[in-house]
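Below are the chains, spelled out letter by letter.
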Amino acid sequence: MAIEDDVLVIGGGLAGMTAALAAAREGAGVRVVSHKESTLRSASGLVDVLGYPPERAPGSASGDADPGASVRGEDENADPAARSRRERAADGPLVDPFEAIPDLPESHPYRRVGVEGVRDALDLFDDAVGDRYRGGHTDRNALVPTHGGRIKPTARYPASAAAGLASDDRPALLVGFETVTDFDAPLAAAHLESAGVPFAARGVTVRFPGGFRADARLTRFADALDSNERVEIGGSGGSYTESLPAREALAEVVKDRLRGEQRVGFPALLGQHDAAGVRESLEAELGAAVFEVPMGPPSLPGLRLEGALVSACRDAGVRFSTGNPVVGYETATGPGGDGEIAAVRVDRNGASVPFHAESFVLATGGLVGKGIDSDREGVKEPIFDCHVSHPSDRYDWFEDETFGDHPFARFGVETDDDLRPLDSRGALEFPNLRACGAVLGGYDFAAEKSGAGVSLATGRAAGLAAAREGLEA
């Protein structure tokens, strides 16, 4: 029996699932085809819309900013100190990303969807994730401390990070663990204070209670806290003398380190399935607010976000086909075909299986995700061979400076206003193909902190257009 849907989305990351969710809620029959694990598992879980305008994005401006000033809304006319902080923050993060979108270059993906398109996409996201996320109450960027002790401007952040915002002036204790080497709590605290955060920060490193292996994964600690399994905590001399539930045991380890701090930050490992329950238990034991500091991969907040979006998609009727790569496509033939894509071909153990649909969405990622590929001969989009504009001389792909304005960061597919890819002459590659997320060109998501926002906004727009087309066919 032939596999056939109204809309077929290629790629299961944030852009792909957003496209699928938007299309399914319009009533289309939707399938997501993905090969490898979702890139959300490596993401911080933060949803950045626009942290820096492109002309200020390269470099590390945030290190010199006063993060508190940009979110406190101080009256700088009445308070010279506030004005001074505002001036120092001029090179720092954007306060309101929506104000900056109309001034972005015409090539930027946000110019295809507009400010309202970004807002509508965030509404879709908020509805899908519910109370797992915060930030929807304001247009302003929140400033979230990272595991390296820097400040990241973001539009939405996990509820688990809410008590750690840099705009909060309550003193904070950061707690690292001996075996979680990606988070050096004392160093992160020192970096935060150097960045001018409006609160006292102190860091300590402790041993996670229990007999966990030195190479235990973050998910092992999260599982122990989820289930509140009993662990042994030691007495003097290294002999284990007591067995406690994991949450209580962790609180006992931290209590003696508190010096009046009103909030305590941990690396993001406080549960995978019951993160809210774990935080609530720790807060009751410690008498202080508890928050997570987003970490690099593997990312518990990223895993939680993936789970929430998959659930929302399944609730909307989206079907998933995972674990096999798309290796080619077929075009429609005969009257009315008009160069449309009829099917993509998926490799299943050496067999090429067609997946038919009326409309297709390309959400395969950028250079990192292999949605855009490069070799010594050039840069290409590997599935449909869509045009990717780039200099013919490879030496023009880079700048000499490591943190320079590298042209390769903006390599990607160019589209019309309906997100349909264009060839080198500006004509449509395929009338029923749309592209979204990091496969798009014209922006440097890493420098300007816009990756998740572009994925949401273009994913929603592509999904809606594909659904309209698929249902009309």
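Residues numbered from 1 in each chain as written. Predicted model: local features only at pLDDT ≥ 70, side-chain atom pairs only at ≥ 80, totals over all residues. Heavy atoms only, no water.

1. Some details on the overall build of the chain
Part 1 of the argument: Along the backbone of the chain there are 12 helices and 19 strands.
Part 2 of the argument: Residue burial in the chain is summarised as follows: out of 473 residues, 52% are buried.
Part 3 of the argument: Across the chain, every contact between residues at least 6 apart in sequence was considered, and the portion connecting residues at least 24 apart equals 65%.
Part 4 of the argument: Roughly 20,600 Å² of accessible area belongs to the chain as shown, and the carbon and sulfur atoms make up 45% of that amount. (Helix = DSSP H or I, 4+ residues; strand = E, 2+ residues; numbered from the N terminus. Buried < 20%, exposed > 50% of the residue type's maximum accessible area, 1.4 Å probe, protein only. Contact = heavy atoms within 4.5 Å. Areas by Shrake-Rupley, 256 points an atom, 1.4 Å probe, with all protein chains shown as cover.)

2. Some words on the packing of helix H5 (residues 110-129) against helix H12 (residues 451-472)
The description of two packed helices rests on the angle between their axes and on the distance between the axes.
Part 1 of the argument: Viewed as axis vectors pointing N to C, H5 and H12 meet at an angle of 95 degrees, and their least axial separation amounts to 8 Å. Taken together, H5 and H12 sit at an angle that is classed as roughly perpendicular. Within the contact between the two elements, H5 uses Tyr110, Val113, Gly117, Val118, Asp120, Ala121, Leu122, Leu124 and Phe125 and H12 uses Gly453, Val454, Leu456, Ala457, Thr458, Arg460 and Ala461. (Axes fitted to C-alpha atoms, helices over the stretch in contact; angles between N-to-C directions. Parallel < 35°, antiparallel > 145°, perpendicular 65-115°, else oblique.)

3. Regarding the environment of Gly176
Part 1 of the argument: With respect to the secondary-structure elements, Gly176 resides in strand S7 (residues 172-177).
Part 2 of the argument: Sequence separation between Gly176 and Phe266 is 90 residues; the distance between their C-alpha atoms is 6.4 Å.
Part 3 of the argument: Apart from the residues lying within four places of it in its own chain, the contact partners of Gly176 are Phe183, Ala185, Val204, Thr205 and Val206.

4. Description of the sheet that holds strand S8 (residues 201-206)
Part 1 of the argument: In space, the 4 strands of this open sheet follow the order S8-S7-S11-S12, with parallel pairing throughout. The open sheet terminates on both sides in strands that have one partner only, identified here as S8 and strand S12 (289-293). Here the strands of the sheet are splayed against their neighbours by 25 degrees on average, with no regard to which way each runs.
Part 2 of the argument: Direction of pairing for S7 relative to strand S11 (residues 263-267): parallel, over a ladder of 3 bridges. Paired with Leu173 across the bridge in S11 is Val264. (Pairing = 2+ DSSP bridges.)

5. Things to note about the nonpolar core
Generally speaking, nonpolar side chains in soluble globular proteins are found buried as a group.
Part 1 of the argument: Core analysis: the largest hydrophobic core is formed by 79 residues, its most contacted members being Val9, Val30, Tyr110, Val118 and Phe384.
Part 2 of the argument: The residues touching Val30, leaving out its near neighbours within four places in the chain, are Asp5, Val7, Val9, Ala20, Ala23, Ala24, Gly317, Val318 and Arg319. (Core = buried A, V, L, I, M, F, W, Y, C linked by side-chain atoms within 4.5 Å.)

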